[in-house]
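Inside the fold
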Amino acid sequence: MILIVGHGPSLKGAKRGKEIDLHEVVRLKQFTRFHESEDYGTKTDYICSSTEACLGMLKNKVDVKEYWLYPKLGEYDKNIHDAFKSKPHYVALNETKIWNDKFKKETGYHKGLGAYGRNISTGLAAIVIAAARLKPEKIILAGFDTLLDPTIEYESVFNPGTKHKHMHFWAIENKMLKEISSHYNVEFITL
């Protein structure tokens, strides 16, 4: 069973850190600079970030099984491999392209939408990569507040005070969870 820690505030004050650390844990981006361990835990087996922002993950002072690099634009600078040469890493181009193509179709993506209609969130990418790469029977989602309930306004503990009503197309990503579950034969449960 895999547990992925998102940036939603629902874990804040919940004191679930020890429970989180009982699992194999995936974290997003530069998690160490904002999470309270009693709420979010400390264990980190995998870290996922976009290829555009992944160098920030190298600032984390943890040893991980693997860094997951998400090329959200469908391509990436191959020099990234040099930056991660001494670190286990995986560029999830093929896995995420499938879902970004579906996402663009659902959003009716065109250049006028800017960044928000062209790719799935890093959180959903981590879910896809975990399902495809690790093939667990179940994935626990913790702190994925708006993805799980698109009626909740998005708020990130990664960037405190950040509230973007239209940060992503959360209703579309929520709908995609069912497709991802079926495609990879994985059950999603919440913490």
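One structure accompanies this document, and this report is about it. For clarity, every value in this text was computed on a predicted model and none was experimentally measured.

Trans peptide bonds make up most of the peptide bonds, and negative phi angles are found at most residues other than glycine. Look at lysine 135: it is not a glycine, yet its phi comes out positive at around 55°. Residue position: lysine 135 is located in the loop between α5 (122-134) and β6 (138-142). Assessed through its relative accessible area of 63%, lysine 135 is described here as exposed. We note that asparagine 185 has phi near 55°; this positive angle belongs to a residue other than glycine. With respect to the secondary-structure elements, asparagine 185 resides in the loop between α7 (170-184) and β7 (187-190).

A general tendency of soluble globular proteins is for nonpolar side chains to be buried together. Residues Ile4, Ile120 and Ile127 are the most contacted members of the largest nonpolar core, which totals 33 residues. Of all elements in the fold, only β1 (2-5), β2 (24-28), β3 (46-50), β4 (66-70), α4 (93-107), α5, β6 and α7 reach the threshold of two or more residues within this core. Considering every element that reaches this core, the biggest residue donor is α5, with nine residues. In this view, isoleucine 4 contacts Val26, Ala126, Ile127, Ala130, Ile139, Ile140, Leu141, Ala142 and Phe144; residues no more than four positions away in its chain are not counted. Ile47, Cys54, Val64 and Val91 belong to the second-largest nonpolar core, a separate cluster that totals 10 residues.

Below, the discussion takes up the environment of leucine 28. The residue leucine 28 is located in strand β2 in this model. What makes leucine 28 buried here is its relative accessible area of 5%. Linking leucine 28 and tyrosine 46, residues 18 residues apart in sequence, is a C-alpha distance of 8.5 Å. When residues no more than four places from it in sequence are discounted, the contact partners of leucine 28 are Val5, Gly6, His7, Ile47, Cys48, Thr122, Gly123, Ala126 and Phe144.

What follows concerns the packing of α5 against α7. Each pair of packed helices can be described by the angle between their axes along with the distance between the axes. Running from N to C, α5 and α7 cross one another at 5°; their axes reach a closest spacing of 10 Å. On the basis of their axis angle, the class for α5 and α7 is roughly parallel. Here Leu124, Ile127, Val128, Ala131 and Ala132 of α5 come into contact with α7, specifically with Glu173, Met176, Leu177, Ile180 and Tyr184. Tallied by class, residues from the contact of α5 with α7 come to nine nonpolar, no polar and one charged.

For β4, the tally of buried residues reaches five of five residues, placing the bulk of the element in the interior. Along β4, one buried face is formed by Glu66, Trp68 and Tyr70 and the opposite face, lined by Tyr67 and Leu69, is buried too. As paired strands, β3 and β4 are joined by five bridges and run parallel to one another. Bridge assignment links cysteine 48 to a residue of β4, and that residue is tryptophan 68. Where β4 meets strand β5 (residues 89-91), three bridges bridge the pair, whose relative direction is parallel. Following the sheet pairing, tyrosine 67 is matched in β5 by histidine 89.

Thresholds applied
The residue numbering used here restarts from 1 in each chain and proceeds along that chain's sequence as written. Totals for whole chains, interfaces and linings use all residues, but because this is a predicted model, local features are given only for residues with pLDDT of at least 70 and pairs of side-chain atoms are given and counted only at 80 or more. In computing side-chain values, all of the structure's heavy atoms are included and hydrogens and water are not. A run of DSSP states H or I qualifies as a helix once it reaches four residues; a run of E qualifies as a strand once it reaches two. Both are numbered from the N-terminal end. Here the term buried applies to any residue with accessible area under 20% of the maximum for its type, exposed to any over 50%, and partly exposed to those in between, with areas from a 1.4 Å probe on protein chains only. Buried Ala, Val, Leu, Ile, Met, Phe, Trp, Tyr and Cys residues form a nonpolar core when they are joined through side-chain atoms within 4.5 Å. Should any heavy atoms of two residues lie within 4.5 Å, those residues are considered in contact. Angles here are taken between N-to-C directions and fall from 0 to 180 degrees, while the axes themselves are lines fitted to C-alpha atoms, restricted in helices to the stretch in contact. Under this scheme an angle from 65 to 115 degrees is roughly perpendicular, one under 35 degrees roughly parallel, and one over 145 degrees roughly antiparallel; angles in between are oblique. By the convention adopted, Pro, Cys, Tyr, Trp, Phe, Met, Ile, Leu, Val and Ala count as nonpolar, Lys, Arg, Asp and Glu as charged, and the other residues, Gly among them, as polar. The criterion for strand pairing is that DSSP finds at least two bridges linking the strands in question.

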